[in-house]
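An overview of the molecular structure
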Amino acid sequence: MAELPAGSPFRRVKLALGGKHTAGRADKARSDLSAVAFGGGYLWLATDEGAKIERLRRIDEQEFGDHRVFDLTRLLKLPVGEADPEIDIEGLAVDDGHLWIAGSHSFTRDKPELGENGQEEALDELADIDRNPNRRILARIPLALLEAVEQAGAPVCAARLRAGRKRSALLDVLRDDRHLAPFMAVPAKENGFDIEGVAVEGERVMLGLRGPVLRGWAIILEIRVKPHGDRLKLGRLGPGGLRYRKHFLDLDGCGIRELCLLDGDLLVLAGPTMDLDGPVRLHRWTPPGGEAAETITGRDGCPVLLELPAGHGCDHAEGAAVLEGPDGPQLLVVYDSPAKDRLFGTRGVQADLMPLPGFG
């Protein structure tokens, strides 16, 4: 169980997953939450397994419920179809009536289970790297069309950046980057390239990287994304015509686990980049203007707002969303591998809700 700081202002709220509309879908979802966003009057959740989006309605100050599930294999043309539908959704954002979905874009290495496998099998597992192209998804779906799917079963055409079995519009422009290129084929959780947060305002899209972390410096990628018919297309940043730019932040050696926009600033949830328990903190950072291809911000420029609870083998903070509270904005945090004391019923799980210092 994660330990709460002394005098903690955090309080628990219920996420009542499951119910008559979900046909048992929520049994596993509560243990694998990886991203959350609030918009259109709903709480949107995703897991790092499969290819589904969970939606909850705010019932009262203590609970979200009325669970609905949307199958992204019906809404997105995935590079490898339904044969292996996992997208590894690690980022959600709502902007201008659209739900944005970011896959990790990462490679993964199998994890050996010594209790189930012999020595040779375990060693083979460690040599097996998964390159599932479905993880290369950056897409947006109109919220109004999601309502149409629910009410009438109408088809939805979600727009996404080009990504196929071998190519990706985003990864293609990064493959020769002087900082990122050596990490593009390194598995996630081993300091490899791994998107774990997205924040969107108009055409400006910020992508937070769990890895790589370079000598303690975390990275945010900034891109411009424009609608182009039924697709999304990478635009250019300013008169210089850049396809992307990198922002380096000193987050005390941690990688980025989530991004949220609030009052023009970015709230940056930072945690371990490797497969470890460790500190989890919320930082505040003001994205710089100008046309520089790369920027670098020291600790003074990204101060810590909150120290979040971090469990031992559980309660890994993975997603955060800003909600309006009676006394100002609040932060809702969801956890992967939640501690047992967060679980209720057969499908429900509790998240943390906390005030945001310095806003209001």
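Structure first, text after, so check above.
Everything quoted here is computed from the prediction, not taken from an experiment.

Let's shift gears to the sheet that holds strand 6 (residues 89-95). With antiparallel pairing, four strands are arranged side by side in an open sheet as 6-7-10-11. Where the open sheet ends on each side, the last strands, each with one partner, are strand 6 and strand 11 (159-160). Relative to strand 7 (residues 98-103), strand 6 runs antiparallel, the two being bridged by six bridges. Within strand 7, the position partnered with Ala 93 by the bridge is Trp 100.

Further remarks concern the packing of aromatic side chains. Summed over all chains, the structure comprises two aromatic pairs. With 6.1 Å between their ring centres and 70° between their planes, Tyr 42 and Trp 44 make a pair best called edge-to-face. As far as the burial class goes, Tyr 42 and Trp 44 line up, both buried. Ring centres of Trp 44 and Phe 70 lie 6.1 Å apart, and the angle between their planes is 40°; on these two criteria the pair is classed as tilted. Here Trp 44, found in strand 3 (residues 42-47), pairs with Phe 70, found in strand 5 (residues 63-71); they are 26 residues apart in sequence, far enough to count as distant. Lying over the aromatic face of Phe 344, Lys 14 brings its terminal NZ or CZ to 5.1 Å of the ring centre.

Time to look at the state of the cysteines. Scanning the entire structure with this criterion turns up zero disulfides. Between Cys 254, a cysteine without a disulfide, and Cys 302, which holds the nearest cysteine sulfur, the sulfur-to-sulfur distance is 11 Å. Of all cysteine sulfurs, the one in Cys 302 lies closest to Cys 260, which takes part in no disulfide; the gap is 16 Å.

Here we come to the pattern of salt bridges. Going through the model one piece at a time under the given rule, you end up with 29 salt bridges. Two residues, Arg 58 and Glu 61, come together in a salt bridge whose shortest N-O distance is 3.4 Å. Of the residues examined, Glu 61 reaches a relative accessible area of 41% and is grouped as partly exposed. The network of salt bridges with shared partners includes Arg 12, Asp 315, Asp 341, Arg 342 and Asp 352.

Here is what the cut-offs are and how they apply
Residues numbered from 1 in each chain as written. Predicted model: local features only at pLDDT ≥ 70, side-chain atom pairs only at ≥ 80, totals over all residues. Heavy atoms only, no water. Pairing = 2+ DSSP bridges. Helix = DSSP H or I, 4+ residues; strand = E, 2+ residues; numbered from the N terminus. Phe/Tyr/Trp six-rings, centres within 6.5 Å; stacked < 30°, edge-to-face > 60°. Buried < 20%, exposed > 50% of the residue type's maximum accessible area, 1.4 Å probe, protein only. Lys NZ or Arg CZ within 6 Å of the ring centre and 35° of its normal. Disulfide = S-S within 2.5 Å. Salt bridge = Lys/Arg side-chain N within 4 Å of Asp/Glu carboxyl O.

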